[in-house]
Amino acid sequence: MAWLVICRDIDDSEALRQRHLERHLAYVDTILDQIAVAGPVASQPQGVHAGSCFIYHTDDRTVAESLLFNDPYFQAGLYRETQFQALRPAAGTWVGGATWR
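The notes below deal with the structure included here. Since this is a predicted model, take the numbers as computed values, not measurements.

### Comments concerning the packing of aromatic side chains
Here comes step 1: The final tally for this structure, using the stated rule, is 4 aromatic pairs.
Here comes step 2: Centre to centre, the rings of F69 and F84 are 6.2 Å apart; their planes meet at 80°, and the pair counts as edge-to-face. You can see F69 sitting in helix α2 (residues 61–69) and its partner F84 sitting in strand β4 (residues 79–87), a full 15 residues away along the chain.
Here comes step 3: Look at F69 and you get partly exposed, because its relative accessible area is 35%.

So, in structure tokens, the structure goes:
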């Protein structure tokens with residue numbers, strides 16, 4: 001199992017994102033082995049940042065929360081909302097095909 005975390009940015013977040021980008025990326029580098037995939041979420045059609053998505057390699061919600069809460073973006077108040085969802089990867093190239101086979 002994994003944890004999917006969707007974070008929605010506060011309004012007018014771009015300056016705050018840029019101010020903390022270097023620290024955020026440095027932090028992500030330290031936890032890469034615990035991330036299946038992560039990246040910014042863009043609003044459509046403008047393509048500006050609207051939030052972030054993380055899929056953490058852990059069965060433990062407390063670990064997933066700690067990974068997010070220690071992120072400089074989170075600590076800077078970039079996110080107005082965060083949602084944690086348990087995820088059971090079942091199909092796709094990331095899981096090596098289909099898990100039911």
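### Observations concerning the state of the cysteines
Put plainly, a disulfide is one covalent bond tying together the sulfur atoms of two cysteines.
Here comes step 1: As enumerated under the stated definition, the model contains 0 disulfides in all.
Here comes step 2: No disulfide involves C7; its sulfur sits 8.3 Å from that of C53, the nearest cysteine.
Here comes step 3: Classification of C7 by relative accessible area gives buried; the value is 2%.

### Overview of the nonpolar core
Here comes step 1: Core analysis: the largest hydrophobic core is formed by 17 residues, its most contacted members being V5, F54, Y56, L68 and Y79.
Here comes step 2: Taken together, the elements giving at least two residues each to this core come down to β1 (2–9), α1 (14–30), β3 (49–56), α2 and β4.
Here comes step 3: When neighbours within four sequence positions are excluded, F54 is seen to be in contact with W3, L4, V5, C7, H24, V37, A38, L68, D71 and Y79.

### Section: the pairing of β1
Here comes step 1: Pairing of β1 with β4, which is carried by 8 bridges, proceeds in the antiparallel orientation. The residue bridging W3 from the neighbouring strand is A86, located in β4.
Here comes step 2: Pairing geometry for β1 and β3, over 6 bridges, is antiparallel. Within β3, the position partnered with I6 by the bridge is C53.

### Some points on the environment of Q34
Here comes step 1: Of note, Q34 is situated in the loop between α1 and β2 (35–42).
Here comes step 2: Exposure remark for Q34: the relative accessible area of 29% places this residue in the partly exposed category.
Here comes step 3: The spacing of Q34 and A64 is 30 residues in sequence and 9.1 Å in space, taken between C-alpha atoms.
Here comes step 4: For Q34, the contacting residues outside a window of four places in its chain are I55, Y56, H57 and L67.

### Section: the side chain of S52
Here comes step 1: Counting through the fold element by element, S52 comes out in strand β3.
Here comes step 2: With relative accessibility at 3%, the residue S52 sits in the buried group.
Here comes step 3: Polar contacts involving the side chain of S52 include one to the side chain of R17, which spans 3.0 Å.
Here comes step 4: Once residues within four sequence positions are removed from consideration, S52 is found in contact with V5, I6, C7, R17, G39, P40, V41 and Y79.

### Considerations on the sheet that holds β3
Here comes step 1: Pairing is antiparallel across the open sheet formed by 4 strands, whose spatial order is β2-β3-β1-β4. Bordering the open sheet on either side are β2 and β4, each of which pairs with just one other strand. For this sheet, the mean inter-axis angle between neighbouring strands, taken without regard to orientation, is 15°.
Here comes step 2: Lying over the sheet, α1 contacts β1, β2, β3 and β4, oriented at roughly 20° with respect to β3.

About the criteria used
- Residues numbered from 1 in each chain as written.
- Predicted model: local features only at pLDDT ≥ 70, side-chain atom pairs only at ≥ 80, totals over all residues.
- Heavy atoms only, no water.
- Phe/Tyr/Trp six-rings, centres within 6.5 Å; stacked < 30°, edge-to-face > 60°.
- Helix = DSSP H or I, 4+ residues; strand = E, 2+ residues; numbered from the N terminus.
- Buried < 20%, exposed > 50% of the residue type's maximum accessible area, 1.4 Å probe, protein only.
- Disulfide = S-S within 2.5 Å.
- Core = buried A, V, L, I, M, F, W, Y, C linked by side-chain atoms within 4.5 Å.
- Contact = heavy atoms within 4.5 Å.
- Pairing = 2+ DSSP bridges.
- Polar contact = N/O pair within 3.5 Å; in protein donor to acceptor, adjacent residues only side chain to side chain.
- Axes fitted to C-alpha atoms, helices over the stretch in contact; angles between N-to-C directions.

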